[in-house]
Amino acid sequence: MASVKILLWKHYEKKDGTCPLVLRITKDRKPRYVFTGTYILEKDWDSVHSKIKKSHPNSKRLNNFLLKKLTEADDTALEAMSHNDNVSAKHIQKKVQRKGKNISFFQVGSKRVKDKYDTGTFSVARSELSILYNIKEFTNLNEAGSRQSIIDGIKERRQLRHKKGMDPKMGIMDGIKEFANNGSLAFTDIDMAFINRFKSFCETYLKHKERTVTNQLIFIRTIYNIAIEEGIVNDKYYPFAGDKEKIRITESLKIGLNKEEVQRIEALALEEGSSVWHTRNVWLFSYYFAGVRISDVLEMKWSDFIDDRLFYVMNKNQKSQSLKIPEKARAILAFYKKDQKNKRDYIFPFLKHANPNNPEDVFIKARNATSLFNKYLKRIAESCNIDKKISNHIARHTFGNIAGDTIHPLMLQKLYRHTDLKTTIGYQANFIHKDADDALDAVIN
């Protein structure tokens, strides 16, 4: 059971002799303190009854204020323990500190983005910051103009942010600061009607596909859960509970290239040293190593190759992997060997000017390179008469497509660096068509 009491905190005496009144929250013999914002002289405090003496000119008003604070803190502690009897004094303290404060969705979202940024998860921080901007565009929507003018305005603002984001000095912190000071969207404003209008906005003005809209709803749900956990909003307003908004994750269609299409890419004549030539090498290198993510390929260094094997840690889930170097990958490495300066040097040229001691600089330069790749991969597809959409991630799909059902799922799980075998089976199901084809032939033919 937690207890709450008001104390005069003598350790923080001000120059005028006044001391702060604090709420002491005790749980499992561990105390936590919340400042009430009220300061009085020690002679005006009744420590036995925990109240301000009548000798203070505003004793009646301040005692009513303190009683309200004490009641709110008691209620908050009881509510927290009703959900979890093992809740800590620190957790209750945070809830009490949040109680009554008008903290907006944008401010909690900003804190979430900053936490991701501080831990070096830059890709998540940037994508979630982008969602905050989308929600801001929605809340500021003025439909007085034409639909196209609204779309053009959103694109223009996005391009401007993207240009700033390419500068490591500007980076993501500007966006974090902007939303930390934005108190315009209350959690209670986010109800089913809000969510339905937002989904319509994403489809109409942002041209988002269903899965992209779903990802943004998941983010809104995550921030709302954080706010409930920290006592910012009552869970009775939760728009995702019961028969309210249901988030359904739809499976995206995964299409990979076949062997003949890969061979066309391998045989394509390109000018050595050109950007499109480097793009082709990086993409094939990813494919040769079972679809290693392009961002991981860009960060590979010569020190990652030992005894004819690749040793690397996957950025997404920090899983380590060791793979033999296929002969075709060895041929690509030979092209870049002449430019090697030392063992810590990057293999591919796109991060040569990145500061290896600055993770954000490495991330930004890798992100800019992958954006460039998508442009050149389209050119490669056209040159090879490939009708399928080629992107960075399709190297992984291509490996899965060619592997089909010829490799045991446990081995594929290892090659894909999946934590759960179910993930591998679900992923590979996109590329196994033989049973369905045979069943169709049995009926039609």
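A short tour of the structure in this document, coming up. Here the structure is a predicted model, which means the values were calculated and not measured.

Calculation criteria
Residues numbered from 1 in each chain as written. Predicted model: local features only at pLDDT ≥ 70, side-chain atom pairs only at ≥ 80, totals over all residues. Heavy atoms only, no water. Axes fitted to C-alpha atoms, helices over the stretch in contact; angles between N-to-C directions. Helix = DSSP H or I, 4+ residues; strand = E, 2+ residues; numbered from the N terminus. Parallel < 35°, antiparallel > 145°, perpendicular 65-115°, else oblique. Contact = heavy atoms within 4.5 Å. Nonpolar A, V, L, I, M, F, W, Y, C, P; charged D, E, K, R; others polar. Pairing = 2+ DSSP bridges. Expected span 1.5 Å × (residues − 1). Buried < 20%, exposed > 50% of the residue type's maximum accessible area, 1.4 Å probe, protein only. Salt bridge = Lys/Arg side-chain N within 4 Å of Asp/Glu carboxyl O.

Side note on the packing of helix H4 (residues 122-139) against helix H13 (residues 359-383)
And then number 1: At a minimum axis separation of 10 Å, H4 and H13 run at an interaxial angle of 65 degrees. When the axis of H4 is compared with that of H13, the two are roughly perpendicular. Here Phe122, Ser123 and Arg126 of H4 lie close against H13, whose contacting residues are Pro359, Glu360, Phe363, Ile364 and Arg367.
And then number 2: Counted by class, the contact of H4 with H13 contains four nonpolar, one polar and three charged residues.

Observations regarding the sheet that holds strand S1 (residues 3-8)
And then number 1: Across the sheet, three strands lie side by side as S1-S2-S3; this open sheet has antiparallel pairing. Among the strands making up the open sheet, the edge pair consists of S1 and strand S3 (30-41). Within this sheet the neighbouring strands show an average axis-to-axis angle of 20 degrees, counted without direction.
And then number 2: Where strand S2 (residues 18-27) lies against S3, nine bridges are found, and the strand directions are antiparallel. Residue pairing for S3: Arg24 is matched across the bridge by Tyr33.

Notes on helix H8 (residues 210-229)
Since the α-helix packs 3.6 residues into each turn, any two residues three or four apart lie on the same face.
And then number 1: Here H8 spans 29 Å end to end across 20 residues, near enough to the 28 Å set by a 1.5 Å rise per residue.
And then number 2: Within H8 the residues assigned to the buried category are Val213, Thr214, Gln216, Leu217, Phe219, Ile220, Ile223, Tyr224, Ala227 and Ile228.
And then number 3: Two residues or fewer after H8 comes Gly231, characterised by a positive phi angle close to 75 degrees.

A short note on unusual backbone geometry
Among all residues save glycine, negative phi is the norm, and among peptide bonds the norm is trans.
And then number 1: Of note, Asp308 is a non-glycine position whose phi angle comes to about 60 degrees, a positive value.
And then number 2: Note that Asp308 resides in the loop between strand S6 (305-306) and strand S7 (309-313).
And then number 3: Note on Asp308: relative accessible area 48%, which makes it partly exposed.
And then number 4: Its identity as a non-glycine residue notwithstanding, Asn385 has a phi of 55 degrees, on the positive side.
And then number 5: Checked against the element boundaries, Asn385 lands in the loop between H13 and helix H14 (394-403).
And then number 6: Assessed through its relative accessible area of 63%, Asn385 is described here as exposed.

Structural notes on the pairing of S7
And then number 1: By the alternation rule, side chains of S7 split into Leu310 and Tyr312, which are all buried, and Arg309, Phe311 and Val313, of which none is buried.
And then number 2: As paired strands, S6 and S7 are joined by two bridges and run antiparallel to one another. Residue Ile306 lies in a different strand from S7, and its bridge partner there is Arg309.
And then number 3: Where S6 folds back on S7, the antiparallel hairpin that results is connected by two residues, among which Asp307 adopts a positive phi of roughly 50 degrees.

So, the pairing of strand S8 (residues 320-324)
Successive residues of a regular strand alternate their side chains across the two faces of the sheet.
And then number 1: What you see with S8 is a clean split: Gln321 and Leu323 sit on the buried side and Ser320, Ser322 and Lys324 on the side with no burial.
And then number 2: One ladder, built from five bridges, connects S7 with S8; its direction is antiparallel. For Tyr312, the partnering residue across the bridge sits in S8 and is Gln321.

Some points on the pattern of salt bridges
And then number 1: Applying the stated criterion to the full structure yields 16 salt bridges.
And then number 2: Put simply, Glu42 and Lys10 hold a salt bridge, and the shortest N to O gap is 3.0 Å. Here the residue Glu42 occupies a position in the loop between S3 and strand S4 (45-46), and Lys10 occupies one in the loop between S1 and S2, the gap between them amounting to 32 residues.
And then number 3: Judged by its relative accessible area of 44%, Glu42 falls in the partly exposed class.
And then number 4: You can call Lys10 partly exposed: its relative accessible area is 49%.

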